[in-house]
2 protein chains.
Amino acid sequence: MTNATGPTRIQRRNTSLILEAALEVFSSQGFGGATLDQIARHAGLSKPNLLYYFASKEAIHAALLDGLLETWLDPLRALDPAGEPVDEIVAYVLRKLEMSREFPRESRLFANEILQGAPRIGGMITGELKRLVDEKAALIASWQAAGRVAQLDPHHLIFSIWATTQHYADFDVQVRGILDPAGDAHFARAAVFLEQLFRGALMPREDFVKIHAS
Amino acid sequence: MTNATGPTRIQRRNTSLILEAALEVFSSQGFGGATLDQIARHAGLSKPNLLYYFASKEAIHAALLDGLLETWLDPLRALDPAGEPVDEIVAYVLRKLEMSREFPRESRLFANEILQGAPRIGGMITGELKRLVDEKAALIASWQAAGRVAQLDPHHLIFSIWATTQHYADFDVQVRGILDPAGDAHFARAAVFLEQLFRGALMPREDFVKIHAS
DNA sequence: CGTGATCCTGACCGTTTGGTCAAACAATTT
DNA sequence: AAATTGTTTGACCAAACGGTCAGGATCACG
């Protein structure tokens, strides 16, 4: 039965094998399109063995999302009230872009979930996520009130950061189809572009004039 | 058998019922997650009746995408070499945002397809789409060479326009979960924001200084 | 009103789906 | 090495899947 000594080596290894395989399959097929057989094959385990570690397909999916949500919101949490506003926001953009490069499957997993109406994480959006976004939007608004950032709707600013950065993970196939490269070269260009885009839009107007008038 | 007089009234009505239902289901479940029974129920037809009009599930999906691709690329095609550069690009942004508001399901259908690796429209991306994007990117580059638009990578500029505008369709649930509104009110704010964002980033630096130095 | 073409459906088929289970197998403890 | 616990699997199940088909209903038109 349940054991107080925690998960065994085998348990840790297999649950992680399963979650890795599930990430691969769910992120590229969506929940409905994924099958336990696919996940089992990717994990190198038998289907009944999956269901020894997880109660159901839903349970695997839930465990995946649960384990990822925290990591996913960390960059936004790191937005520092004490920092230089424009630099803070630009750093957030680049951190988010980096996550799209390093964890594209995780991004696609969330994208799939939200595209399909967020049936399994709806509560988290209107709860934890909304609280965090409202808090950081208020922070940006306070920066704007102090004249340290250009006046742009803070909520929509955050949306635009999500949209532009996650685009490189979620629409990877399209991006690669249009720019030919097989590697990660376009991420460097994307970083330059996004920094220009947001720095240009965020820099307080007076500062901008000062710099360019000289 | 085949008739030279074209489709009958019934054919037109039912194929359109089926495509409308398929759009609803495919866009919210993905191809793999959708079932013929769901589509049939939404269309108010029996499953065998669907298959009287379309040879297979794949055929319905293909017909949907085929009929939509042209419409979807029209706003980009409309980017006019003869127009005022910044206004042209901003107009494109707003047109694209309007499409996200009016046709969110179409946007999600494409998003689902590309998220899942574009297995069914891959050729179109590296063909027709790439040609169009390259052409318009060259147009923007020529505007930049003439000093009429700020220097920003044109391809990534187009990506960022797609990303920011389609975000309001594809991630609708998330946007609505964070801003409370049930209606379309946030689209007006999004339009203002996106115009600020892109106009600020696109305006040639010299013009900007001129305007704000006075 | 008849007749040929079009349209529609209930019953059915083979396969795949998520999930179960008893029994075999391996690890660990005593 | 025996006993206990934890792990794995082949065989199996009911339901749902995409798709077929023979035949009945409905239509357009002379």
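Quantities reported herein were computed from a predicted structural model and do not represent experimental measurements. (Residues numbered from 1 in each chain as written. Chains lettered and ligands numbered in written order. Predicted model: local features only at pLDDT ≥ 70, side-chain atom pairs only at ≥ 80, totals over all residues. Heavy atoms only, no water.)

1. Quick look at the overall build of chain A
When its secondary structure is counted, chain A shows 11 helices and 0 strands. In chain A, the succession of helices and strands from N to C terminus is α-α-α-α-α-α-α-α-α-α-α. Along the first, second and third principal axes, the C-alpha set of chain A runs to 70 × 45 × 30 Å. Counting every position in chain A, which comprises 214 residues, the buried fraction comes to 52%. In chain A, once contacts between residues fewer than 6 apart in sequence are set aside, the share between residues at least 24 apart is 69%. Only carbon and sulfur atoms are counted for the fraction: they give 55% of the accessible area of chain A, which is about 9,600 Å². Both charge centroids of chain A, one from 22 positive and one from 26 negative side chains, sit 5 Å from each other. (Helix = DSSP H or I, 4+ residues; strand = E, 2+ residues; numbered from the N terminus. Buried < 20%, exposed > 50% of the residue type's maximum accessible area, 1.4 Å probe, protein only. Contact = heavy atoms within 4.5 Å. Areas by Shrake-Rupley, 256 points an atom, 1.4 Å probe, with all protein chains shown as cover. Lys, Arg positive; Asp, Glu negative; His and termini not counted. Charge placed at Lys NZ, Arg CZ, Asp CG, Glu CD.)

2. Describing unusual backbone geometry
Of note, Ala-118 of chain A is a non-glycine position whose phi angle comes to about 50 degrees, a positive value. The residue Ala-118 of chain A is located in the loop between helix H6 (104-115) and helix H7 (122-145) in this model.

3. A few points about the relation of the copies chain B and chain A
Superposing the two chain copies requires a rotation about an axis and a translation along that axis. By a simple turn and slide, chain B fits onto chain A: the slide is 0.0 Å along the axis, the RMSD is 0.0 Å, and the turn is 180 degrees. Taken together, the rotation and translation describe the operation of a two-fold axis. Of every C-alpha in chain B, the one belonging to Gly-33 of chain B sits nearest the axis of rotation, 2.2 Å from it. With an isologous cut-off of 70% or more, the 100% of interface residues of chain B that recur at the interface of chain A puts this contact in the isologous class. (Least-squares fit on C-alpha atoms with pLDDT ≥ 70 in both.)

4. Here we look at the interface of chain B and chain A
How large an interface is tends to be reported as the accessible area lost when its parts come together. Between chain B and chain A, the residue contacts involve 57 residues of the former and 57 residues of the latter. With both sides pooled, the region where chain B packs onto chain A buries about 5,000 Å², and carbon together with sulfur makes up 72% of that total. Considering only the surface of chain B that becomes buried against chain A, Leu-115, His-156 and Ile-178 of chain B emerge as the three largest contributors, covering 15% of it. Viewed at the interface, chain A and chain B are joined by 4 salt bridges. Taken together, the elements giving at least two residues each to the side of chain B that touches chain A come down to helix H1 (9-33), helix H6 (104-115), helix H7 (122-145), helix H8 (154-170), helix H9 (172-178), helix H10 (185-202) and helix H11 (205-213) of chain B. At 12 residues, H8 of chain B tops the list of elements feeding residues into the side of chain B that touches chain A. (Buried area = accessible area lost by both parts, 1.4 Å probe. Salt bridge = Lys/Arg side-chain N within 4 Å of Asp/Glu carboxyl O.)

5. Here's the deal with the packing of aromatic side chains
Under the counting rule described, the total for this entry stands at 12 aromatic pairs over all chains. A centroid spacing of 5.6 Å and a plane angle of 15 degrees characterise the contact between Phe-26 of chain A and Phe-31 of chain A, whose relative ring orientation is stacked. What makes Phe-26 of chain A buried here is its relative accessible area of 1%. Assessed through its relative accessible area of 13%, Phe-31 of chain A is described here as buried. For the ring pair Trp-72 of chain A and Phe-110 of chain A, a centre distance of 5.5 Å and an interplane angle of 40 degrees mean the geometry is tilted. Of this pair, Trp-72 of chain A sits in helix H4 (residues 57-77) while Phe-110 of chain A sits in helix H6, and the two are 38 residues apart along the sequence. The residues Trp-72 of chain A and Phe-110 of chain A share a single accessibility class, namely buried. Three or more aromatic residues joined by ring pairs form one cluster here, namely Phe-159 and Trp-162 of chain A together with Tyr-168 and Phe-187 of chain B. The residue whose ring lies beneath Lys-57 of chain A is Phe-31 of chain A, and the NZ or CZ to ring-centre distance is 4.6 Å. Cation over ring: Arg-120 of chain A sits above Phe-31 of chain A, and NZ or CZ is 3.9 Å from the ring centre. (Phe/Tyr/Trp six-rings, centres within 6.5 Å; stacked < 30°, edge-to-face > 60°. Lys NZ or Arg CZ within 6 Å of the ring centre and 35° of its normal.)

6. Focus: the domain arrangement of chain A
All names here are of chain A. Per the domain assignment, the segments of chain A are domain 1 (1-55) and domain 2 (61-213). Computed from C-alpha atoms alone, the centre-to-centre distance between domain 1 and domain 2 is 30 Å. Counting from both sides, the interface comprises 10 residues of domain 1 and, opposite them, 11 residues of domain 2. When residues of domain 1 are sorted by the area they lose upon contact with domain 2, Leu-23, Ser-27 and Phe-31 head the list and together hold 55% of the total. Linking domain 1 with domain 2 are 2 salt bridges, by the criterion used here. (Domains from an automatic or database assignment.)

7. Topic: the pattern of salt bridges
The full count for this structure, using the stated rule, is 38 salt bridges over all chains. Among the charged side chains, a salt-bridge network with shared partners connects Glu-98, Arg-101, Asp-172, Arg-176 and Asp-184 of chain A.

8. Considerations on the environment of Asp-172 of chain B
Residue and element names in this part refer to chain B. Among the secondary structure elements, Asp-172 is positioned in helix H9. Given a relative accessible area of 16%, Asp-172 falls into the buried group. Residues Asp-172 and Arg-108, 64 residues apart in the sequence, show an inter-C-alpha distance of 9.7 Å.

9. Remarks on the protein's contact with DNA strand C
Residues in close proximity to DNA strand C total 21 residues, the closest being Lys-57 of chain A together with Thr-8, Gln-11, Asn-14 and Tyr-53 of chain B. Here DNA strand C approaches the protein such that, of its atoms within 4 Å, sugar and phosphate make up 66%. Within the side chain of Asn-14 of chain B, an N or O atom sits 2.8 Å from a phosphate oxygen of DNA strand C. At the level of secondary structure, the elements contributing two or more residues to the surface near DNA strand C comprise helix H2 (36-43) and helix H3 (47-53) of chain A together with H1 and helix H3 (47-53) of chain B. For the surface near DNA strand C, the leading source of residues is H3 of chain B, giving 4 residues. Among the residues making up the surface near DNA strand C, the classes are represented as 9 nonpolar, 8 polar and 4 charged. (Near = heavy atom within 4 Å. Polar contact = N/O pair within 3.5 Å; in protein donor to acceptor, adjacent residues only side chain to side chain. Nonpolar A, V, L, I, M, F, W, Y, C, P; charged D, E, K, R; others polar.)

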